[in-house]
Amino acid sequence: MHCDYYDAGLCRSCTRMNEPYPAQLADKQERLRQLLAPHRPEAWLEPVPSPESGFRNKAKMVVSGTVERPLLGILDRDGHGIDLTGCGLYPPQLLAAMPALRRIIGELGLTPYDVPARRGELKHLLLTISPDGELLLRFVLRSKKHLVPLKRGLARILELLPAARVVSVNIQREHQAILEGPEEITLTEQATLPMRLNGIPLALRPQGFFQTNSHIAAALYRQGADWFAHSGAGGLWDLYCGVGGFALHAARRVPGARVLGLEISEQAVAAARTTAADLGLERVRFTAGDATGIATGIVAGAGRRAPEALVVNPPRRGLGPELAAWIEGSGIPTVIYSSCHAPSLVRDLSAMPSLSVRRARLFDMFPQTDHAETMVLLSRR
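Residues numbered from 1 in each chain as written. Predicted model: local features only at pLDDT ≥ 70, side-chain atom pairs only at ≥ 80, totals over all residues. Heavy atoms only, no water.

## Brief notes about the sheet that holds strand S5 (residues 122-129)
Then, number 1: An order of S4-S3-S2-S5-S6-S7-S8 is seen for the seven strands of this open sheet, with the pairing classed as mixed. Among the strands making up the open sheet, the edge pair consists of strand S4 (81-83) and strand S8 (183-186). Direction aside, the axes of adjacent strands within the sheet are offset by 40° on average.
Then, number 2: Inspection of the sheet shows strand S6 (residues 135-141) paired to strand S7 (residues 164-171) by seven bridges, in the parallel sense. Its bridge partner being in S7, Phe139 is matched across the sheet by Val169.
Then, number 3: With respect to the sheet, helix H3 (residues 92-108) is in contact with strand S2 (58-65), strand S3 (70-75), S4, S5 and S6, its orientation differing from that of S5 by roughly 150°. (Pairing = 2+ DSSP bridges. Helix = DSSP H or I, 4+ residues; strand = E, 2+ residues; numbered from the N terminus. Axes fitted to C-alpha atoms, helices over the stretch in contact; angles between N-to-C directions. Contact = heavy atoms within 4.5 Å.)

This is the structure in C-alpha cells:
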C-alpha cells in the first residue's frame, strides 16, 4: 500500500507503510512464534490476512480549522490540524462521506475546537460503517451549546448522509487528549447499528466497542465457534464478551449449548441480549459486571460448576493474576484465548501451566503496523 500522507511526513501512524504486505505478515508470524516458543504450540494454523487497504470500519477524526474550512484528521505536535480525509485505510463509503461531513459543519455552524486556544465546540467526528454499508455518526462536543442546532439539523444531516442510521452527540468537557466523555445523547429514533458478521447482526451502540476490522473480526468469531464445536463441550462462558461476538457465534454453531456472556458495559450487554432474542437463542444469557468478580462469584457464591469451555478476549493488559489463577484452578477443560497484545498473552500463559497450547493462529487486525490479534486453543495437560 502506498500513502501520500506517510511519504510527506504528515502522518506516521502506519509504521510499516510502503513495506510489501506479505513481508509484514511473515514478520508478524515469526515474532509471534518466537514469543510463544516457550509454550510449545502443538500446531500453527496459517495466518489470516486482511485487505491491505480500506479495512477500517471506523474513522476517528479530530476536527480543527474553521467553520468555513474545517479540517478532519489529526493534530500535529503544536495542536494544529492535518487533514486526512483521503486516508487509504478507510473503505470507499467512509471516504465518500467526508465531503458531507464538512458541509454539515459549515451549514450548521459547528465551531471546530481550537486546542492551543482552548476555544470552540466540535472536537471529534466518529464515524462507523457496518458491513451492510450503514453509518453511525457521533459528534463529540465540548458542551451542549451546539446540541439544539444539531437536533434541528438532523433532517439535513440524514439528507446529506442517507446511509446514516444512528446519529448521536457525546459531551467531552475536558481539555485533555480524551476521545469521548461519559454523556451520550442519541438524536435518531434508531439507537443501535447492526454490524452483520457471518449472518449475525451484532448490535453496536454509540459508546460500544467493536473490532476495527470487520473482515478479521468475522474470522475470529468463526474460529472461536469452530474450536468450541470441536471440543464437544455443552457449555461456554465468554468473558469480556462485548456485544456478544464469540458467545452468539458459539451458540449458533452448537445448537442447545448453554452460553453465558460476561461484560462490564451494561450497554454492550443490552445490545447482546437484543441480538440473542432476535436470533431466538434461548439458552444464551448475558450479565453485566467485572469479568474477574463475576466469574469467581458465580462459582463460589451460587455453587455453580465451572463451564466445560471458556473464551476470553481481555483488553491489552491481559487477564491479570487473579483471573489467570482462577482459570488455572478451575479445571475448565478447554480455554480459547483471543489476545490483542501477545506479550500479555504470554505472561498469562505462564500463570496457567496446566493448560497446553494446542493450536495458535495470527489474525492480522491492523495491516501496515506491528499490531495483530492472536488466538490460541488451550486444553488441560
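## As for unusual backbone geometry
Then, number 1: Backbone geometry at Asn18 places phi at a positive 75°, although glycine is not the residue there.
Then, number 2: Here Asn18 is to be found in the loop between helix H1 (4-7) and helix H2 (21-36).
Then, number 3: On the basis of relative accessibility, which here comes to 38%, the residue Asn18 falls in the partly exposed class.
Then, number 4: Positive phi is not limited to glycine here, since Asn198 has a value of about 55°.
Then, number 5: On the secondary structure map, Asn198 appears in the loop between strand S9 (193-197) and strand S10 (200-204).
Then, number 6: When its relative accessible area of 25% is taken as the criterion, Asn198 is described as partly exposed. (Buried < 20%, exposed > 50% of the residue type's maximum accessible area, 1.4 Å probe, protein only.)

## Regarding the packing of aromatic side chains
Then, number 1: One pass over the structure, following the stated rule, counts two aromatic pairs.
Then, number 2: Measuring from ring centre to ring centre gives 4.9 Å for Tyr221 and Phe246, while their planes differ by 90°; the resulting arrangement is edge-to-face. Of this pair, Tyr221 sits in helix H6 (residues 214-231) while Phe246 sits in helix H7 (residues 245-253), placing them 25 residues apart in sequence.
Then, number 3: A residue is classified by how much of its surface remains accessible, and Phe246, at 6% relative accessible area, is buried.
Then, number 4: Pairing Trp237 with Trp326 gives two aromatic rings, centres 6.1 Å apart and planes at 0°, and the pair type is stacked. Taken as a pair, Trp237 in strand S11 (residues 235-239) and Trp326 in helix H10 (residues 321-330) lie far apart in primary sequence, 89 residues in all. Taken individually, Trp237 and Trp326 each receive the classification buried, so the pair is uniform in this respect.
Then, number 5: Across the ring face of Tyr6, the terminal group of Arg12 is positioned such that the distance to the ring centre comes to 4.1 Å.
Then, number 6: The lysine or arginine in question, Lys123, covers the ring of Tyr113, its NZ or CZ lying 4.9 Å from the ring centre. (Phe/Tyr/Trp six-rings, centres within 6.5 Å; stacked < 30°, edge-to-face > 60°. Lys NZ or Arg CZ within 6 Å of the ring centre and 35° of its normal.)

## Comments concerning the sheet that holds strand S17 (residues 373-380)
Then, number 1: Here we have eight strands laid out as an open sheet, ordered S1-S16-S17-S15-S14-S11-S12-S13, and mixed in their pairing. Of all the strands in the sheet, just strand S1 (43-44) and strand S13 (284-288) have a single pairing partner and so form its edges.
Then, number 2: Note: S11 against strand S14 (residues 309-312), four bridges, orientation parallel. Looking at S14, one finds that Leu236 is bridged to Ala309.

## Describing the pairing of S11
Regular strands have side chains that alternate between both faces of the sheet.
Then, number 1: With five of five residues buried, S11 lies mostly within the body of the structure.
Then, number 2: The alternating pattern of S11 places Gly235, Trp237 and Leu239 on one face and Leu236 and Asp238 on the opposite face, and all of these are buried.
Then, number 3: Bridge analysis of S11 against strand S12 (residues 258-263) gives five bridges, and the strand direction is parallel. Across the sheet, residue Trp237 finds its bridge partner in S12, namely Leu260.
Then, number 4: Crossover S11 to S12 through H7 is right-handed. (Right-handed = clockwise from strand over helix to strand, strands pointing away.)

## Considerations on the UniProt feature "binding site: S-adenosyl-L-methionine" (unreviewed entry) in the protein chain
Then, number 1: The positions that UniProt labels "binding site: S-adenosyl-L-methionine" (unreviewed entry) are, in the present scheme, Gln211, Tyr240, Glu263 and Asn313.
Then, number 2: The residues contacting Tyr240, other than those within four sequence positions of it, are Leu262, Glu263, Ala291, Thr292, Asn313, Pro314, Pro315, Gly318, Leu319 and Leu323.
Then, number 3: Structurally, Glu263 can be placed in strand S12.
Then, number 4: Looking at Glu263, the relative accessible area reads 13%, which means it is buried.
Then, number 5: If sequence neighbours within four positions are ignored, Glu263 has contacts with Tyr240, Cys241, Gly242, Ala268, Val269, Thr287, Ala288 and Gly289.
Then, number 6: A distance of 2.9 Å separates a polar side-chain atom of Glu263 from the backbone nitrogen of Gly242. (UniProt positions renumbered as here; feature names shortened; annotations may be inferred. Polar contact = N/O pair within 3.5 Å; in protein donor to acceptor, adjacent residues only side chain to side chain.)

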